[in-house]
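Per-entry structural report
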Amino acid sequence: MSTHEQYADDLALHAMNALEGEERLALEKHLHECASCRRELEQLRGDTALLAFSASGPKPPLRSRQRLMNAIAQEAHPREVQAPQWWSVVRWLAAAALILMGALLIRQNNLLHERIADLLKQSATQQAQLVQAKEVVATLTAPDAQIVAVVKTNTPPQPQGKAIYVRNRSSLIFIANNMPEPPARKAYELWLIPTKGAPIPAGVFKPDSHGSATVINPPLPAETEAKAFAITVEPEEGSATPTMPILMMGAGE
């Protein structure tokens, strides 16, 4: 028997990863030197793949199945491991399919959770906007709303503002018109002047290109009685106490 024929008998088992030990090492060394056996091995591996897919996919050509079966039948060394190794290929393919399906299901589940989170976030935002709109309407239409006009103190009353304040809800809406642009890195700050105590910051604002601005429901202490409202120029982040001079002021009715 020639060297080529000696190793050709083991190619079928090696194509199914059933050849082990010294025989596998000897065959791999021979494959390194023998191009003919390498081609034969690749053909047998292709036939094996076609047979594996035949369990769930298109039927492979009969010549491929017969070729592989003939190669196995010609194996000179009987090995009881052949059938288990053949079924291990099928089991491996089934396991790979299950892993792929599981990964797809996890991916779809994550996308669904992200979509639900986005919808909940949108719903919360819309709910907050609705609550704010109801508060604005309630303040503007409250019968006990205190309406205070805030005007410039040392020039004709061109810039003007109106504060609408409901004491029992600590709700305040301020609307300004004809306000000049403040200096660089500065902003206007609205102050609630209580009947007792120090002025309370009531919101920082900058007018738009038309000189208009609004302050809606700034955080204020509960049940604070307002004696007046005033406006000063402060740093953009606001101040804890007014910086003189007071530009505009209006007393409550």
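These numbers come from a predicted model, not from an experiment. (Residues numbered from 1 in each chain as written. Predicted model: local features only at pLDDT ≥ 70, side-chain atom pairs only at ≥ 80, totals over all residues. Heavy atoms only, no water.)

A few points about the nonpolar core
Inclusion rule: Nonpolar cores are built from buried Ala, Val, Leu, Ile, Met, Phe, Trp, Tyr and Cys residues. Side-chain atoms within 4.5 Å join them into one set. Throughout this description, buried means an accessible area under 20% of the type-specific maximum (1.4 Å probe, protein chains only), exposed means over 50%, and partly exposed covers the range between. Counting from the N terminus, the helices are DSSP H or I runs at least four residues long and the strands are E runs at least two residues long. The contact criterion used is simple: two residues touch if any of their non-hydrogen atoms lie within 4.5 Å.
The biggest cluster of nonpolar side chains holds 21 residues, and the ones touching the most others in it are Leu172, Phe174, Leu190, Phe205, Phe229 and Ile231. Elements that contribute at least two residues to this core include exactly strand 1 (146-152), strand 2 (160-166), strand 3 (171-177), strand 4 (186-194), strand 5 (200-205), strand 6 (213-216) and strand 7 (226-235). Aside from chain neighbours lying at most four places away, what touches phenylalanine 229 is Val148, Val150, Ala163, Tyr165, Leu172, Leu190, Trp191, Leu192, Ile193, Met248, Met249 and Gly250. Membership of the second largest hydrophobic core comes to 12 residues, among which are Met16, Leu19, Leu27 and Leu31.

Focus: the pairing of strand 4
This is how the line gets drawn: Pairs of strands are assigned from DSSP output, requiring at least two bridges between the strands.
Of all nine residues in strand 4, eight are buried; the element is thus mostly enclosed. Pairing analysis gives nine bridges linking strand 4 to strand 7, with the strands arranged antiparallel. The residue bridging proline 194 from the neighbouring strand is alanine 226, located in strand 7. Where strand 4 meets strand 5, four bridges bridge the pair, whose relative direction is antiparallel. Across the sheet, residue glutamate 189 finds its bridge partner in strand 5, namely valine 204. Linking strand 4 back to strand 5 in an antiparallel pair, the connection comprises five residues, with glycine 197 at a positive phi of about 100°.

Describing the confidence of the model for the protein
Going by this rule: Each residue carries a pLDDT score, the predictor's own confidence in it, on a scale running from 0 to 100.
Looking at the protein, pLDDT values average 80 and 74% of them are 70 or higher. Per-residue pLDDT stays below 50 along residues 55-61; that stretch engages in six contacts with residues further than four places along the chain or on separate chains. Across residues 75-84 the pLDDT falls below 50, and counting only partners more than four positions away or on other chains, this stretch makes 15 contacts in the model.

Notes on unusual backbone geometry
A cis amide bond, omega 5°, links methionine 244 with the succeeding residue proline 245. Structurally, proline 245 can be placed in the loop between strand 7 and strand 8 (248-251). Not every positive phi belongs to a glycine, and serine 170 is a case in point at roughly 50°. Along the polypeptide, serine 170 turns up in the loop between strand 2 and strand 3.

What to know about the side chain of threonine 224
What counts is decided by this rule: The definition of a polar contact used here is a pair of N or O atoms within 3.5 Å, where within protein one atom must be able to donate a hydrogen and the other to accept one, and adjacent residues in sequence count solely through side-chain atom pairs.
By the element assignment, threonine 224 lies in the loop between strand 6 and strand 7. Classification of threonine 224 by relative accessible area gives buried; the value is 11%. Polar side-chain contacts of threonine 224 include one of 3.0 Å to the backbone oxygen of proline 221.

Here we look at the packing of aromatic side chains
Our working rule: Geometry of aromatic contacts follows a simple scheme: Phe, Tyr and Trp rings, the Trp one being its six-membered ring, pair when their centres are within 6.5 Å, and the pair is stacked under 30 degrees between planes, edge-to-face over 60, tilted otherwise.
Summed over all chains, the structure comprises three aromatic pairs. When the centroid spacing of 5.9 Å and the interplanar angle of 70° are considered together, the rings of tyrosine 165 and phenylalanine 229 count as edge-to-face. Here phenylalanine 229 lies in strand 7 and tyrosine 165 lies in strand 2, a separation of 64 residues in the sequence. For tyrosine 165, a relative accessible area of 1% gives the class buried. Given a relative accessible area of 0%, phenylalanine 229 falls into the buried group.

As for helix 3 (residues 21-33)
Under the convention used in this document: Helix span is expected to be 1.5 Å times the residue number reduced by one. Note that the arc is defined by the directions from the helix axis to the C-beta atoms.
The end-to-end C-alpha separation of helix 3 is 19 Å, in line with the 18 Å expected for 13 residues at 1.5 Å each. Residues of helix 3 that are buried: Leu27, His30 and Leu31. The buried residues of helix 3 occupy an angular sector of 105° when projected down its axis, which confines them to one face. Opposite the packed face of helix 3, turned more than 90 degrees from it, sit the exposed residues Glu22, Leu25, Lys29, His32 and Glu33.

A word on the pattern of salt bridges
Note the following rule: In what follows, salt bridge is the name for a side-chain nitrogen of Lys or Arg lying within 4 Å of a carboxyl oxygen of Asp or Glu.
Applying the stated rule across the entire model yields four salt bridges. For the salt bridge of glutamate 28 with arginine 24, the shortest nitrogen-to-oxygen distance reads 3.1 Å. Of the two residues, glutamate 28 and arginine 24 both sit in helix 3, four residues apart, roughly one turn of that helix. Judged by relative accessible area, arginine 24 falls into the partly exposed class, the value being 27%. Between glutamate 225 and arginine 167 there is a salt bridge whose closest N-O contact spans 3.7 Å. Note that glutamate 225 is positioned in the loop between strand 6 and strand 7 and arginine 167 in the loop between strand 2 and strand 3, a separation of 58 residues in sequence. The exposure class assigned to arginine 167 is partly exposed, which follows from its relative accessible area of 38%.

Quick word on the environment of glutamate 181
Relative to the helices and strands, glutamate 181 is located in the loop between strand 3 and strand 4. Judged by its relative accessible area of 73%, glutamate 181 falls in the exposed class. Sequence separation between glutamate 181 and serine 209 is 28 residues, and the spatial gap between their C-alpha atoms is 8.2 Å. Ignoring anything within four residues of it in the chain, the contact list for glutamate 181 reads Tyr188 and Pro207.

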